[in-house]
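Residue-level listing of the chains:
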Amino acid sequence: MSRPCCSRCARPLSHCLCALVPRLASRTRVLILQHPAEVSHALNTARLAGLALSNGELRVGETFSELAAELAHGTWRSCLLFPGAEAMPLAELAQGGPPLQLIVPDGTWRKARRILHLNPPLAALPRVALPEGLSSRYRLRKAPMAGALSTLEAIVCALNILEGAGRFDAMLRPFEALIEGQIAAMGEAVYRRNHGGDPAG
Ligand SMILES: [Zn+2]
């Protein structure tokens with residue numbers, strides 16, 4: 001009974017967001033590690049981020065055994081976007097040096113912690129954090145990023161800090177459409193409750 005979905009953005013075909021997703025080049029590589037519990041969530045913002053970045057990749061899983069070799073032999077300066085006492089401000093990495101690979105766990109705080117626990121090479125990476133006091137345009141459930149940003153918003157914020165203010169804002173367009181769609185759907189549900197039953201059925 002599932003509705004046909006777009007194979008690219010995973011939204012129902014009638015709500016495909018692909019036309020709003022830009023394709024942007026970045027010097028920084030972005031590797032998103034998505035917990036499997038996030039895949040089917042309606043607000044899968046990590047997927048939108050992966051689609052928008054030509055130098056981005058999204059992997060789904062809990063353990064990423066290939067990472068140890070990749071991190072050891074890669075040409076990137078890898079760091080983990082994750083808040084904590086030992087995390088340094090991301091802006092300190094913006095000046096010079098080899099290109100960065102920003103590794104971003106995607107999931108609730110607990111799931112993101114679990115990914116780190118199961119992947120010691122990740123847990124050992126230097127950590128970077130976004131400035132404090134940022135808040136999401138949308139009230140999301142518990143997110144691992146400081147200020148409870150969605151994963152997409154956190155990535156846009158990080159890339160803007162590293163590569164130029166506003167450069168990656170276009171990535172937020174499908175996110176905004178998604179939120180507007182959710183609010184519209186919520187309105188419809190309230191309408192049905194108040195007016196007795198499903199008008200379509
Ligand atoms: Zn699509």
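The preceding data block contains the structure.
Since the model is a prediction, treat every value here as computed from it, not as a measurement.

J.: How would you sum up the overall build of the protein? Please name residues and give values.
T.: For the protein, the count of helices and strands is six helices and six strands. Along the protein, helices and strands appear, N-terminal first, in the series β-α-β-α-β-β-β-α-α-β-α-α. In the protein, which comprises 201 residues, the share counted as buried stands at 44%. Taking as baseline every contact in the protein between residues at least 6 positions apart, the subset at least 24 positions apart corresponds to 71%.

J.: Tell me about the coordination of the zinc ion, residues and numbers included.
T.: For the zinc ion, the full set of protein donor atoms is C6 (SG), C9 (SG), C16 (SG) and C18 (SG), at a range of 2.3 to 2.4 Å. Here the zinc ion is ringed by four donor atoms whose angles at the metal span 102 to 114°, and the overall shape comes out tetrahedral. The sequence motif formed by the donor residues of the zinc ion is C-x2-C-x6-C-x1-C. In this structure, C6 and C9 share a single accessibility class: buried.

J.: Provide a residue-level description of the packing of helix α1 (residues 45-52) against helix α5 (residues 151-163), including the pertinent values.
T.: Running from N to C, α1 and α5 cross one another at 40°; their axes reach a closest spacing of 7 Å. On the basis of their axis angle, the class for α1 and α5 is oblique. Residues T45, A46, L48 and A49 of α1 form the contact with α5, whose own contacting residues are T151, L152 and I155. Looking at side-chain class alone, the contact of α1 with α5 contains five nonpolar, two polar and no charged residues.

J.: Would you mind going over α1 in detail, with residue names and values included?
T.: By the criterion of burial, α1 is predominantly enclosed, with seven of the eight residues buried. Among the residues of α1, those classed as buried are T45, A46, L48, A49, G50, L51 and A52.

J.: Which residues make up the pairing of strand β5 (residues 100-106), and what values do they have?
T.: Among the seven residues that make up β5, seven are buried, leaving the element largely enclosed by the rest of the structure. The two faces of β5 match: L100, L102, V104 and D106 on one face and Q101, I103 and P105 on the other face are all buried. Sheet analysis places strand β3 (residues 77-81) next to β5, joined by four bridges and oriented parallel. Within β5, the residue paired with C79 across the bridge is L102.

J.: Please set out the side chain of D106 residue by residue, giving values where relevant.
T.: Within the secondary structure, D106 sits in strand β5. Of note is the side chain of D106, whose polar atom sits 2.9 Å from the side chain of Q34. Those residues in contact with D106 that lie beyond four places of it in its chain are I32, L33, Q34, H35, E38, A46 and T151.

J.: Go over the sheet that holds strand β6 (residues 127-129) with me, naming the residues and quoting the values.
T.: Pairing is parallel in the open sheet, where six strands are placed in the order β2-β1-β5-β3-β6-β4. Where the open sheet ends on each side, the last strands, each with one partner, are β2 (56-60) and β4 (88-89). As defined by bridge partners, β4 adjoins β6 across two bridges and the pair is classed as parallel. In the sheet register, P89 faces β6, and the bridge partner there is A129. Strand contacts of α1: β1 (29-34), β2 and β5, with the helix running at about 150° to β1, the strand carrying the most contacts.

J.: Tell me what's going on with the nonpolar core, and back it up with residues and numbers.
T.: Core analysis: the largest hydrophobic core is formed by 39 residues, its most contacted members being L53, L81, L102, L130, L152, I155 and M171. If you list the elements that add at least two residues to this core, you get β1, α1, β3, β5, α5 and α6 (173-195). Tallying contributions element by element places α5 first for this core, with eight residues. Not counting the four nearest positions on each side in its chain, L53 is found in contact with R23, L24, S26, V30, I155, L159, F168 and M171. Residues L31, L33, F82 and L122 belong to the second largest nonpolar core, which totals 12 residues.

Reading the values: rules and limits
- Residues numbered from 1 in each chain as written.
- Predicted model: local features only at pLDDT ≥ 70, side-chain atom pairs only at ≥ 80, totals over all residues.
- Heavy atoms only, no water.
- Helix = DSSP H or I, 4+ residues; strand = E, 2+ residues; numbered from the N terminus.
- Buried < 20%, exposed > 50% of the residue type's maximum accessible area, 1.4 Å probe, protein only.
- Contact = heavy atoms within 4.5 Å.
- Donors = N, O, S within 2.8 Å, 3.2 Å for Na, K, Ca; no water.
- Tetrahedral: all angles 85-135°; square planar, octahedral: opposite > 155°, others 65-115°.
- Axes fitted to C-alpha atoms, helices over the stretch in contact; angles between N-to-C directions.
- Parallel < 35°, antiparallel > 145°, perpendicular 65-115°, else oblique.
- Nonpolar A, V, L, I, M, F, W, Y, C, P; charged D, E, K, R; others polar.
- Pairing = 2+ DSSP bridges.
- Polar contact = N/O pair within 3.5 Å; in protein donor to acceptor, adjacent residues only side chain to side chain.
- Core = buried A, V, L, I, M, F, W, Y, C linked by side-chain atoms within 4.5 Å.

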